[in-house]
Amino acid sequence: MADDPILTGIKKTIEDNTIVLFCKGTKEEPRCGFSMRTIQVFKELGKPFEVVDVLPDPRIRQVLSGVSNWPTIPQVFIKGEFIGGCDIVTEMFQDGELKKVVDEAFSKS
Amino acid sequence: MEPIEIARRIEKALPGAKADVKGADNHYSARIVSDRFEGKSRIEQHRLIYDLFREEMASQEIHALALRTLTPAQADDESNR
């Protein structure tokens, strides 16, 4: 498993970017309502974030769900830590917690 | 899968829980109140529910299951707002 290029790629993306969203579709063209809502939340927060489209290769999603132990897409990672899916991120955004986590992630990096 | 089946499975797995499930066509949303959520992070609360539908989610019989998980105290708080 350690040599699986998909797993290595996912881990590297999570390590190299402060905020990573694994979504269906791209930042410009989300292909699912839940991915779109999650991307919208991070656009509003105004900090740079990376979006990885899981649709081109079904193995990305399979391997990712193994890493996070989470069955659905989107999945959000901040500073290498799994934060949650669309529902959790939306709730955290609404009660201001997400802005705090994001601001803190950028103040230390 | 009917929303009522989803609600029953949740309520059976978490005794005392109250689950309201809506939706159709493989897309559902659930509001669940349970004392089993106490002391757990939101991620842990959602995993607890997703784990009950592992097979259906893998087979896409459930494509989306939006969750709102509340402890009884949070639910009281919400209804008093």
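Keep in mind it's a predicted model, so treat the numbers as computed, not measured.

What counts, and at which threshold
Residues numbered from 1 in each chain as written. Chains lettered and ligands numbered in written order. Predicted model: local features only at pLDDT ≥ 70, side-chain atom pairs only at ≥ 80, totals over all residues. Pairing = 2+ DSSP bridges. Helix = DSSP H or I, 4+ residues; strand = E, 2+ residues; numbered from the N terminus. Axes fitted to C-alpha atoms, helices over the stretch in contact; angles between N-to-C directions. Left-handed = near helix turned anticlockwise from the far one by under 90°. Contact = placed C-beta atoms within 7 Å. Nonpolar A, V, L, I, M, F, W, Y, C, P; charged D, E, K, R; others polar. Core = buried A, V, L, I, M, F, W, Y, C linked by C-beta atoms within 7 Å. Buried ≥ 20, exposed ≤ 12 C-beta atoms within 10 Å, placed from the backbone.

K.L.:
Explanation requested: the pairing of strand E4 (residues 81-84) of chain A in the structure shown.
P.N.:
As a general feature of sheets, a regular strand has side chains that alternate between the two faces. Residue and element names in this part refer to chain A. Bridge count between strand E3 (residues 75-78) and E4: three bridges; the pairing is antiparallel. Bridging across to E4, Val76 finds its partner in Gly84. Between E3 and E4, which pair antiparallel in sequence order, lie two residues; one of them, Lys79, sits at a positive phi of approximately 50 degrees.

K.L.:
What is the right way to look at the packing of helix H1 (residues 5-16) of chain A against helix H3 (residues 58-68) of chain A in this model?
P.N.:
A pair of packed helices is captured by two measures, namely the crossing angle of their axes and the spacing between those axes. Residue and element names in this part refer to chain A. Where H1 contacts H3, the axes come no closer than 10 Å and their chain directions differ by 65 degrees. Seen along the crossing, H1 lies across H3 with a hand that is right-handed. Contacts from Ile6, Leu7 and Ile10 of H1 reach H3 at Arg59, Ile60, Val63, Leu64 and Val67. Residue composition of the contact of H1 with H3, grouped by class: seven nonpolar, no polar and one charged.

K.L.:
What is the right way to look at the nonpolar core in this model?
P.N.:
In globular proteins that are soluble, nonpolar side chains generally tend to be buried together. Membership of the largest hydrophobic core comes to 28 residues, with the highest contact counts inside it found for A:Val20, A:Leu21, A:Phe22, A:Cys23 and A:Val89. Contributions of two or more residues to this core are made by H1, strand E1 (19-23), helix H2 (33-45), strand E2 (50-53), H3, E3, helix H4 (86-94) and helix H5 (97-108) of chain A. Considering each element in turn, this core owes the most residues, five residues, to E1(A). Filtering out sequence-adjacent residues up to four positions away, A:Val89 remains in contact with A:Thr38, A:Val41, A:Val76, A:Ile83, A:Gly84 and A:Leu98. Counting residues in each nonpolar core, the second largest holds 12 residues, with B:Ile10, B:Ala19, B:Val33 and B:Ile62 among its members.

K.L.:
How should I be thinking about the sheet that holds E3(A) in this particular structure?
P.N.:
Pairing between sheet strands relies on hydrogen bonds along the backbone, with the strands arranged either parallel or antiparallel. Residue and element names in this part refer to chain A. Ordered in space as E2-E1-E3-E4, the four strands form an open sheet in which the pairing is mixed. Looking at which strands have only one partner, the edges of the open sheet turn out to be E2 and E4. Here the strands of the sheet are splayed against their neighbours by 25 degrees on average, with no regard to which way each runs.

K.L.:
Looking at this model, I keep getting lost on the environment of B:Phe53. Mind explaining?
P.N.:
All names here are of chain B. In this structure, Phe53 sits in the loop between helix H2 (42-50) and helix H3 (54-58). The class for Phe53 is partly exposed, based on 18 C-beta atoms found within 10 Å. Look past the residues within four positions of Phe53 in its chain and what remains in contact with it is Ile62 and Leu65.

K.L.:
It is not clear to me how the environment of A:Asp53 should be interpreted in this structure. Could you clarify?
P.N.:
All names here are of chain A. Its place among the elements puts Asp53 in strand E2. Sequence spacing of Asp53 and Val67 is 14 residues, and the spatial spacing of their C-alpha atoms is 16 Å. Residue contacts for Asp53: discarding those within four places in its chain leaves Cys23, Gly25 and Thr26.

K.L.:
Would you mind showing me how to read the interface of chain A and chain B here?
P.N.:
Interface size, as often reported, equals the accessible area lost upon joining of the parts. Of the residues lining the interface, eight residues belong to chain A; the matching set on chain B comes to 10 residues. For the side of chain A that touches chain B, the secondary structure elements donating two or more residues are E4 and H4 of chain A. Grouping the amino acids of the side of chain A that touches chain B by side-chain chemistry returns four nonpolar, three polar and one charged.

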